[in-house]
Amino acid sequence: MTHTAPSHGAEPLEYAAFTADPAGGNPAGVVLDATGLDDARQLALAARLGHSETAFLTADPDRPRGYAVRYFSPLAEVPFCGHATIAAAVALAERHGPGEFHFTTPAGAVPVTVTGDAATGYRATLTSVPATVADAEPQDVAEALTALRWRPEELDPRLPPRIAHAGARHLVLAAATRARLADLDYDFDALAALMRRLDLTTLQLVWEQDATTYHVRDPFPVGGIVEDPVTGAAAAAFGGYLRELRGLTTARLTLHQGEDLGRPGVLTVDLTEGDSRVRVTGRAVRM
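Just so it is clear, the model here is predicted, and its values are computed rather than measured. The residue count restarts for each chain, going from 1 along the sequence in the order it is written. With pLDDT at 70 or above as the cut-off, local features in this predicted model cover only qualifying residues; side-chain atom pairs require 80 or more to be listed or tallied, and sums for whole chains, interfaces and linings still use all residues. No hydrogens and no water enter the side-chain calculation; it runs on all heavy atoms of the structure.

S.K.: Teacher, can you tell me more about the overall build of the chain here?
M.R.: Strands are runs of DSSP state E lasting at least 2 residues, helices are runs of H or I lasting at least 4, and numbering of each runs from the N terminus. Counting its regular elements, the chain contains 6 helices and 17 strands. What the globule rule says is 2.2 Å times the number of residues to the power 0.38, and the radius of gyration is computed from C-alpha atoms. For 287 residues, the compact-globule estimate of 2.2 N^0.38 gives 19 Å, and the chain sits close to it at 18 Å. The principal-axis extents of the C-alpha atoms in the chain amount to approximately 60 × 45 × 30 Å. Every one of the 287 residues in the chain was classed for burial, and the buried ones make up 54%. Each residue is placed in one exposure class: buried if its accessible area under a 1.4 Å probe, protein chains only, is under 20% of its type's maximum, exposed if it is over 50%, and partly exposed if it falls in between.

See below:
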């Protein structure tokens, strides 16, 4: 049996997203030409890379700068991944120039605009699918707290538990203190079982520094990862959560993530009046 060598675009690239430092942010795999890679090969490649997600792109022949994008964790496909989207867009901009790219993901259409240049670095802004928020069942919240080893009184009552979605589902839980957020030691199997039952991609754990600044963490056991370092999909969902909870119209939020893992990253979340979508902006750099 003969095997065709993969094209250059099929070779995985590695980027750190939501940072300008290759040692910071969230590592992502990017395959710019996934033509001919079936599900099993994509999953195997994502598992070999070991990052929380790898993006696999296939060019749309009918749309300039258009791509179908799929995302695989080391264990499974996920419907949407923000940091791999930012990484993929920057990788494309390095080859084709900045501007707008049109990504068609399993979650829906996600346009991404890239600015910058090779000298100053690139910054990408993704626009999520419309964000939605739903109540979290008390027994599910109790089960999550048990798995996290958090006590109910350690939650911030100003930010009640909700299920938020902007491409993927996340349970939002707010810690009352930064120290509580910093001390993450959870039951991996128990939390993974709850998340699979509720179809959650991550838990979005947050601490409010002020009305526009948040520190966040994202356990990701369903992806085979203890913690996703910097999480764009969850940031988009959290933007939708805050808009509904506090009646925000146009706002800009800053999310800090990865500090507790030694991979600090920054996400900018923009809400626009009259638009149910959420925009998430960050840098990305080749590792």
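From this point, things continue past the structure.
S.K.: How should I be thinking about the environment of Ala131 in this particular structure?
M.R.: Along the chain, the position of Ala131 falls in the loop between strand S8 (121-127) and strand S9 (132-135). Ala131 sits in the buried class, given a relative accessible area of 18%. Separated by 94 residues in the primary sequence, Ala131 and Leu37 place their C-alpha atoms 31 Å from one another. Contacts are assigned to residue pairs with any non-hydrogen atoms lying within 4.5 Å of each other. Ignoring sequence-local partners within four residues, the contact set of Ala131 consists of His165, Ala166, Gly240, Arg243, Ser276 and Val278.

S.K.: I tried to follow the packing of aromatic side chains on my own but got confused; where do I start?
M.R.: Given two aromatic rings, their pairing is described by the distance between the two centres and the angle made by the two planes. Here a pair means two rings of Phe, Tyr or Trp (six-membered ring of Trp) with centres within 6.5 Å. Their orientation is stacked below 30 degrees between planes, edge-to-face above 60, and tilted elsewhere. Under the definition given, this model contains 6 aromatic pairs. Ring geometry for Tyr186 and Phe188: centres 6.3 Å apart, planes at 15°, overall stacked. Classification of Phe188 as partly exposed rests on a relative accessible area of 30%. When the ring of Tyr214 is compared with that of Phe238, the centres are 5.1 Å apart and the planes differ by 80°; the resulting orientation is edge-to-face. Of the two residues, Tyr214 is situated in strand S13 (residues 213-220) and Phe238 in helix H6 (residues 232-246); the sequence distance between them amounts to 24 residues.

S.K.: Hey, could you run me through unusual backbone geometry in this one?
M.R.: Leaving glycine aside, a negative phi is the common case for residues, and trans is the common case for peptide bonds. The backbone of Arg149 shows a phi angle near 65°, a positive value even though the residue is not glycine. In this fold, Arg149 is placed in the loop between helix H3 (138-148) and strand S10 (162-165). Despite not being glycine, Asp199 has its phi angle at roughly 60°, a positive value. By secondary structure assignment, the location of Asp199 is in the loop between helix H5 (188-198) and strand S12 (202-210). The class for Asp199 is exposed, based on a relative accessible area of 55%.

S.K.: Looking at this structure, I do not really get the packing of H3 against H5. What am I missing?
M.R.: When two helices pack together, their arrangement is given by the angle between the helix axes and the distance between those axes. Fitting a line to C-alpha atoms yields each axis, with helices limited to the stretch in contact; the angle taken between N-to-C directions then spans 0 to 180 degrees. Where H3 meets H5, the closest approach of the two axes is 8 Å, and the angle between their N-to-C directions is 155°. Looking at the two axes, H3 sits roughly antiparallel to H5. Of the two elements, H3 crosses H5, and the hand of that crossing is left-handed. Of the residues in H5, those touching H3 at Asp140, Glu143, Ala144, Ala147 and Leu148 are Ala190, Leu191, Leu194, Arg197 and Leu198. Here the contact of H3 with H5 is composed, by residue class, of 7 nonpolar, no polar and 3 charged. Here is the rule for angles: anything less than 35 degrees is roughly parallel, anything more than 145 is roughly antiparallel, 65 through 115 is roughly perpendicular, and the remaining ranges are oblique. Two helices cross in a left-handed way if the nearer one is turned anticlockwise from the farther one by less than a right angle. They cross in a right-handed way if the turn is clockwise. The nonpolar class holds Ala, Val, Leu, Ile, Met, Phe, Trp, Tyr, Cys and Pro. Asp, Glu, Lys and Arg form the charged class, and all remaining residues, Gly among them, are polar.

S.K.: Would you mind going over H5 with me for this structure?
M.R.: One turn of an α-helix holds 3.6 residues; hence residues three or four places apart share an orientation. Those residues of H5 that sit buried are Leu191, Ala192, Leu194, Met195 and Leu198. One face of H5 carries all of its buried residues, which in axial projection span an arc of 165°. Seen from the buried face of H5, the exposed residues on the opposite side, beyond 90 degrees, are Asp189 and Arg196. Tucked into the core, H5 has its buried residues touching H3, strand S11 (169-174), S12 and S13. Throughout, the arc means the angular range of directions from the helix axis out to the C-beta atoms.

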